[in-house]
Each structure stands twice: as structure tokens, then as C-alpha cells.
Amino acid sequence: MEQENIIDETLFINNTMDDVYSQCKSWLLKNDAKIKNEKKPDYIKALHEIRHVAGEFMSPSGKSLVGPKTHWSKNIEIRLSETMDGTQIRVMLNPSYKQEPWHDFSDRRKIWLSFVGGLARHLKIQLTKSDLEYYYQKEYFQNEIHYYTMGLIGSIFAILITFLIVDPSSMTAKDGIVLLFWLWMGYNSLSNGRSLYDLREEKRFVYGP
């Protein structure tokens, strides 16, 4: 019996297969996915690999807090076929490791649908409000916002703790490691803050103010 894909969605676009193939490939590369197999003009398989210390292999149920689930490693397959009105695009996403019967990917499915929405927007396919709400479900925003909020709080907390331990006015050259740590945590704070701002703007775009 053929295993069911975690994501198996179909898009339609009024364009030639060759053009759609090139756009799909550019979208994969834009998302840092590595092309593993391709057969122009109708098939591409890529690996979207994220290296975490722990998480997705230790907790295949999707309960890990190590990285947002959109970033968990996945295989992405795109199959194109010609139709009378243009091109049909079948998008399939699955974990990069073997699925077992006891694995629960229901939460991850709601979150990974955002990749299909991202491809549709990259291809400039007109999406209705209901389409946007389907591809960008609330679980996607909750997962991403929680992850980057915790990262922001953690960075600020680390800076405050080291300020209590180390007096900046009495620092010497050998304390440069502390300064580098502050700079790194400051960069993390800005990066997480920017990601939160972008996510809130995207959520407003999908669900309104």
C-alpha cells in the first residue's frame, strides 16, 4: 500500500510547463533546498535540510521545541503536467526520514501547508482569502511566533544576566569574549525581532487587522 504524503496539494496556472518548471526550481533554490533529482520539464525532487542538535529525530510526533516545524528537514517533490488551460502543479512534502505507523504528523501538516502557499505566491497565482487561510493556518503562525518570541526573550535575558555578572566599566582586553557574546546576543535579538515583525505583517495580510 502506497504511503500517504504529509502534504499533497495541487495548483493550477495558465502558463507553459517550461516556464513553470524554471519558476518552481528558482523557488526551491530561494528556500535553500538542494536539488536531488530532476527531469525537465515535469519533475523536481529537492531536500530542504535543516541541521538541529536534537529534535525532529528524537520527537517525530512534532512536539520538539528545537526550531519551528517549518524548518524541520523535508523532501519536496514537484510534478508538472500539461492541461488545456496551462499547467497542473502537484506538490508533495514528506519528512526526510522514514515514516513509521506510530508517527503523528497532523500538526506538521497544518504548518507545512505554508510552503504550498509560498510557491503559489512565487508563481503569482491569484489566491482568494479562503485559499490564504487554508495555506497559512493559525497553527503556522502560532508555531513560528512562539519560536521567535522565545528566541528574543532568551537573548535579552542572557544579556541582562551577564550585565549583572560583569561590570562593563571594569572590563579589560581579556574580557573581549564577553563583548563578543553581547554583540552576538544583540544580533540574535534584532534578527528574532525582525522575524516577529514580518510574521505579524504576514498574519495581518492573511487574516486582516
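The rules we used
Residues numbered from 1 in each chain as written. Predicted model: local features only at pLDDT ≥ 70, side-chain atom pairs only at ≥ 80, totals over all residues. Heavy atoms only, no water. Helix = DSSP H or I, 4+ residues; strand = E, 2+ residues; numbered from the N terminus. Buried < 20%, exposed > 50% of the residue type's maximum accessible area, 1.4 Å probe, protein only. Contact = heavy atoms within 4.5 Å. Axes fitted to C-alpha atoms, helices over the stretch in contact; angles between N-to-C directions. Parallel < 35°, antiparallel > 145°, perpendicular 65-115°, else oblique. Nonpolar A, V, L, I, M, F, W, Y, C, P; charged D, E, K, R; others polar. Salt bridge = Lys/Arg side-chain N within 4 Å of Asp/Glu carboxyl O.

**Observations regarding the overall build of the protein**
- Helix and strand content of the protein: five helices and five strands.
- Seen in sequence order, the protein has helices and strands lined up from the N terminus as β-α-β-β-β-β-α-α-α-α.
- Classification of the 209 residues of the protein by burial places 41% in the buried group.
- Across the protein, the fraction of contacts at a sequence separation of at least 24, relative to all contacts at a separation of at least 6, is 63%.

**A closer look at the packing of helix α2 (residues 106–122) against helix α4 (residues 138–165)**
- Direction vectors running N to C along α2 and α4 enclose 95 degrees, while the axes themselves pass 8 Å from each other. Put simply, α2 runs roughly perpendicular to α4. Side by side, α2 and α4 meet where Lys-110, Ile-111 and Ser-114 of the first sit next to Glu-139, Tyr-140 and Asn-143 of the second.
- Looking at side-chain class alone, the contact of α2 with α4 contains two nonpolar, two polar and two charged residues.

**Some words on the pattern of salt bridges**
- A full pass over the atoms with the stated rule returns nine salt bridges.
- Note that Lys-129 and Glu-133 form a salt bridge whose closest N and O atoms lie 3.2 Å from each other. In this pair, Lys-129 and Glu-133 are both assigned in helix α3 (residues 129–135), four residues apart and thus about one turn of the helix distant.
- Assessed through its relative accessible area of 46%, Lys-129 is described here as partly exposed.
- Linking Arg-194 and Asp-198 is a salt bridge whose minimum nitrogen-to-oxygen distance equals 3.4 Å. Placement of the pair is Arg-194 and Asp-198 together in helix α5 (residues 176–207), with a separation of four residues, close to one helical turn.
- The class for Asp-198 is partly exposed, based on a relative accessible area of 35%.

**Notes on unusual backbone geometry**
- Going from Lys-40 to Pro-41, the amide bond is cis rather than trans, its omega being 15 degrees.
- Among the structural elements, Pro-41 can be located in the loop between β2 (34–39) and β3 (43–48).
- Of note in the backbone geometry, Lys-124 takes a positive phi value of approximately 65 degrees without being a glycine.
- Here Lys-124 shows up in the loop between α2 and α3.

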